[in-house]
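The chain contents come next:
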Amino acid sequence: MNRLDPIQLNQLIIHYKSEMQRFKQEYEALESTQSRKAILTLKRQVEELKEENRRLSERIAKENVGRPSLSFLIRDNEGILKNDTTEVEKLKENVMQLESALVKERHKKEAEFGEFTRIIDEKNEEIRKLNTSIYEEKKRQLEVVAALERLKKRFLDLKRGYVRSMQRGHQ
């Protein structure tokens, strides 16, 4: 494993955090877009049904003026009811399909999101190990520096003692 300095480690952490945020935003945008599309489709279909209902009501009103037979109106209304029931069933089926597609897409995004979370967890573990090894290395270096300082002090003490003994020997 390559050793990274603390700045590189911080850059890696920032990178992975931004990647996680980007995927989260993409997931939310996709989910929001799917929901909006389904709602707009349903609103459009409702408006179409209202328009169809208005046209049929006008037709019935016009036919009421010219038709004395109540049984004809009943048969006509039964046909309208049957058409409306069929249209409602189609709308229900369409909504169920949209919900199913949304659930599938959500599961797909959650799986992708989970994979990125796993990768980030692995990278965080690598970073933790690197931080630990950096700490251990710094600790070892400090111990070496302290040992060198002790040796230097001991050397200077020995050197002073030697110089003094040399000065006494010449006197």
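Structure: above.
Heads up: these notes are all about the structure in this document. (Residues numbered from 1 in each chain as written. Predicted model: local features only at pLDDT ≥ 70, side-chain atom pairs only at ≥ 80, totals over all residues. Heavy atoms only, no water.)

Thoughts on the overall build of the chain
- Along its length, the chain carries 2 helices and 0 strands.
- The C-alpha radius of gyration of the chain comes to 41 Å, more than 25% above the 16 Å expected for a compact globule of 171 residues.
- In the chain, buried positions account for 11% of the 171 residues.
- Long-range contacts, defined as pairs at least 24 residues apart, comprise 83% of the intrachain contacts of the chain with a sequence gap of at least 6.
- With an accessible surface of roughly 14000 Å², the chain has 57% of that area assigned to carbon and sulfur atoms.
- One finds the centroid of the 37 positive side-chain charges in the chain at a distance of 12 Å from the centroid of its 31 negative side-chain charges. (Helix = DSSP H or I, 4+ residues; strand = E, 2+ residues; numbered from the N terminus. Rg over C-alpha atoms; globule rule 2.2 N^0.38 Å. Buried < 20%, exposed > 50% of the residue type's maximum accessible area, 1.4 Å probe, protein only. Contact = heavy atoms within 4.5 Å. Areas by Shrake-Rupley, 256 points an atom, 1.4 Å probe, with all protein chains shown as cover. Lys, Arg positive; Asp, Glu negative; His and termini not counted. Charge placed at Lys NZ, Arg CZ, Asp CG, Glu CD.)

Observations concerning the pattern of salt bridges
- Evaluated as defined, the whole model comprises 14 salt bridges.
- Between glutamate 52 and arginine 55 there is a salt bridge whose closest N-O contact spans 3.0 Å. Linking glutamate 52 with arginine 55, this pair stays in helix H1 (residues 6–66), spanning 3 residues, or about one helical turn.
- With relative accessibility at 29%, the residue glutamate 52 sits in the partly exposed group. (Salt bridge = Lys/Arg side-chain N within 4 Å of Asp/Glu carboxyl O.)

What to know about the packing of aromatic side chains
- One pass over the structure, following the stated rule, counts 0 aromatic pairs.
- Across the ring face of phenylalanine 23, the terminal group of arginine 22 is positioned such that the distance to the ring centre comes to 4.4 Å. (Phe/Tyr/Trp six-rings, centres within 6.5 Å; stacked < 30°, edge-to-face > 60°. Lys NZ or Arg CZ within 6 Å of the ring centre and 35° of its normal.)

Description of a nonpolar patch on the surface
- A cluster of nonpolar residues, Val144, Leu148 and Leu151, forms a patch on the protein surface that exposes about 290 Å² of accessible area.
- Note on valine 144: relative accessible area 39%, which makes it partly exposed. (Patch = residues over 30% accessible without salt bridge, like charges linked within 9 Å, V, L, I, M, F, W, Y side chains within 5 Å.)

A closer look at the side chain of glutamine 45
- Among the secondary structure elements, glutamine 45 is positioned in helix H1.
- Judged by its relative accessible area of 11%, glutamine 45 falls in the buried class.
- Non-local contacts of glutamine 45, meaning those with residues more than four positions away in its chain, are made with Leu91 and Asn94.

Considering the environment of isoleucine 13
- With respect to the helices, strands and loops of the structure, isoleucine 13 is situated in helix H1.
- For the pair isoleucine 13 and arginine 59, spaced 46 residues apart in the sequence, the C-alpha separation amounts to 69 Å.

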